[in-house]
Amino acid sequence: AWDPAYEGLSTSADENIRDRADQVAVLLGDRRVFPRIRRLLSDTTASIEKREQAIQILVRGNDTEAAPYLHQALAEPALRAAAIRALANYDHASTPTELLRRYGSLNQDERRDAVGTLTSRPECANALLNAVAAEQVARYDLHAYNVRQIMSFSNPTLQDKLRDVWGQIREA
């Protein structure tokens, strides 16, 4: 029943109906919507509002192919913060590199979000700690909650690196 309904709704002349159809499709686990939503995110002629909505839909639907499109969105200041936060939901090998190569140009809020994203997975945390050791990321950009997140991985290598760049860590 959903397939023909979606086909009709997604081709409606009313943009609001098309948007709602996409949102319902994601809620129902209909993955057909993702290629079009990824194209929307990449479309520099689309409004920022529509492109931010595309990020939300991709994240909400757990689109497994979204990360490269989010990496592209990092280049656009108006989308950067949303893309940085969205990347925390994806385990993609290029994410640490993409975030760290832009780190110096990020504003304070974006840096906080980037550190949060980079502490969401052990591989990313490793890249972050290497960047702190290389002084690409300031030591003071790591906050206590980031340190606790890294410690929660219970990874001795990460814990040793963390002590080297952040100092002595006291367990609560």
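Sequence order sets the numbering: in each chain, residues are counted from 1 along the sequence as written. Confidence filtering applies because this is a predicted model: local features only for residues at pLDDT of at least 70, side-chain atom pairs given and counted only at 80 or more, and all residues used for totals across whole chains, interfaces and linings. Values shown for side chains rest on all heavy atoms present in the structure; no hydrogens or waters enter the calculation.

Participant: Can you help me understand the pattern of salt bridges in this one?
Facilitator: Proximity of charged atoms lets side chains of opposite charge pair with each other. Every case where a carboxyl oxygen of Asp or Glu lies within 4 Å of a side-chain nitrogen of Lys or Arg is listed as a salt bridge. Considering all chains together, one arrives at 17 salt bridges under this definition. Glutamate 65 serves as the salt-bridge partner of arginine 38, at 3.5 Å between the closest nitrogen and oxygen. Remark: glutamate 65 occurs in the loop between α4 (48-60) and α5 (67-73) and arginine 38 occurs in helix α3 (residues 33-42); sequence separation between them is 27 residues. Judged by its relative accessible area of 48%, glutamate 65 falls in the partly exposed class. Glutamate 76 is the salt-bridge partner of arginine 51, the closest N and O atoms lying 2.5 Å from each other. Here arginine 51, found in helix α4, pairs with glutamate 76, found in the loop between α5 and α6 (77-87); they are 25 residues apart in sequence, far enough to count as distant. Judged by relative accessible area, which is 2%, arginine 51 ranks as buried. The classification of residues rests on relative accessible area computed with a 1.4 Å probe and restricted to protein chains. Under 20% of the type maximum is buried, over 50% is exposed, and intermediate values are partly exposed. Under the relative-accessibility criterion, glutamate 76 is labelled partly exposed at 22%. Overlapping salt bridges bring together Asp3, Glu7, Asp30 and Arg32 as one network. Helix and strand assignments come from DSSP, with helices taken as H or I runs of at least 4 residues and strands as E runs of at least 2, each series counted from the N terminus.

Participant: Just to check I follow, could you spell out the packing of aromatic side chains for this structure?
Facilitator: The geometry of an aromatic ring pair is captured by the separation of the ring centres together with the interplanar angle, meaning the angle of the planes. Pairing of aromatic side chains requires ring centres within 6.5 Å, counting the rings of Phe and Tyr and the six-membered ring of Trp. Pairs whose planes differ by under 30 degrees are stacked, by over 60 edge-to-face, and all others tilted. Applying the stated criterion to the full structure yields one aromatic pair. Plain terms: the ring middles of tryptophan 2 and tyrosine 6 are 5.5 Å apart, the flat faces sit at 40° to each other, and that makes the pair tilted. You can see tryptophan 2 and its partner tyrosine 6 sitting in helix α1 (residues 2-10), four residues apart, about one turn around the helix. With relative accessibility at 22%, the residue tryptophan 2 sits in the partly exposed group.

Participant: Mind showing me how you'd approach the nonpolar core here?
Facilitator: As a rule of thumb, nonpolar side chains are buried together in soluble globular proteins. Counting residues in each nonpolar core, the largest one holds 47 residues, and the members touching the most others are Leu41, Leu70 and Leu162. It is helix α9 (residues 122-133) that provides the largest number of residues to this core, a total of seven residues. Residue contacts for leucine 162: discarding those within four places in its chain leaves Leu129, Leu142, Val147, Ile150, Met151, Gly167 and Ile169. Definition used in this section: a nonpolar core is a set of buried Ala, Val, Leu, Ile, Met, Phe, Trp, Tyr and Cys residues joined via side-chain atoms within 4.5 Å. Contacts between residues were defined by any pair of non-hydrogen atoms, one from each residue, lying within 4.5 Å.

Participant: So what exactly am I meant to see when it comes to the side chain of glutamate 98 here?
Facilitator: Its place among the elements puts glutamate 98 in helix α7 (residues 95-102). Since its relative accessible area comes to 16%, glutamate 98 is described here as buried. In the analysis that follows, any N or O atom pair within 3.5 Å is treated as a polar contact, provided that within protein one partner can donate a hydrogen and the other can accept it, and provided that, for residues neighboring in sequence, both atoms belong to side chains. Polar side-chain contacts of glutamate 98 include one of 3.1 Å to the side chain of arginine 101. Apart from residues lying up to four places away in sequence, glutamate 98 is in contact with His71 and Leu74.

Participant: Would you explain the packing of α3 against α4 in this entry?
Facilitator: Helix-helix packing: each pair is described by the crossing angle between the helix axes and the interaxial distance. Relative orientation of the contacting elements α3 and α4 amounts to 140°, with a least axis distance of 8 Å. In terms of their interaxial angle, α3 and α4 are classed as oblique. Remark: the crossing between α3 and α4 carries left-handed chirality. Only Lys50, Arg51, Ala54, Ile55, Ile57 and Leu58 of α4 make contact with α3, whose side of the interface consists of Phe34, Ile37, Arg38, Leu40, Leu41 and Ser42. Side-chain classes follow a simple rule in which Ala, Val, Leu, Ile, Met, Phe, Trp, Tyr, Cys and Pro form the nonpolar group, Asp, Glu, Lys and Arg form the charged group, and the remainder, Gly included, forms the polar group. Of the residues belonging to the contact of α3 with α4, the class tally is eight nonpolar, one polar and three charged. The convention used is that axes are lines fitted to C-alpha atoms, helices contributing only their stretch in contact, and that angles between N-to-C directions extend from 0 to 180 degrees. Throughout this description, any angle smaller than 35 degrees is read as roughly parallel, any larger than 145 degrees as roughly antiparallel, any in the 65 to 115 degree range as roughly perpendicular, and the remainder as oblique. Here a crossing is taken to be left-handed if its near helix is turned anticlockwise relative to the far helix by less than a right angle, and right-handed if that turn runs clockwise.

Participant: Help me out: how do you make sense of the packing of α6 against helix α8 (residues 108-118) in this one?
Facilitator: At a closest axis distance of 8 Å, the pairing of α6 and α8 adopts a crossing angle of 25°. One way to sum up the angle between α6 and α8 is to call them roughly parallel. Judged by the twist between their axes, the crossing of α6 over α8 is left-handed. Residues Pro77, Arg80, Ala81, Ile84, Arg85 and Leu87 of α6 pack against Glu110, Asp113, Ala114 and Thr117 of α8.

Participant: It is not clear to me how unusual backbone geometry should be interpreted in this structure. Could you clarify?
Facilitator: One can expect most non-glycine residues to show negative phi and most peptide bonds to be in trans. Phi angles above zero are rare outside glycine, and asparagine 62 is one such case at about 55°. Secondary-structure assignment places asparagine 62 in the loop between α4 and α5. Given a relative accessible area of 53%, asparagine 62 falls into the exposed group. Positive phi is not limited to glycine here, since serine 154 has a value of about 50°. With respect to the helices and strands, the residue serine 154 is situated in the loop between α10 (144-151) and α11 (156-166).

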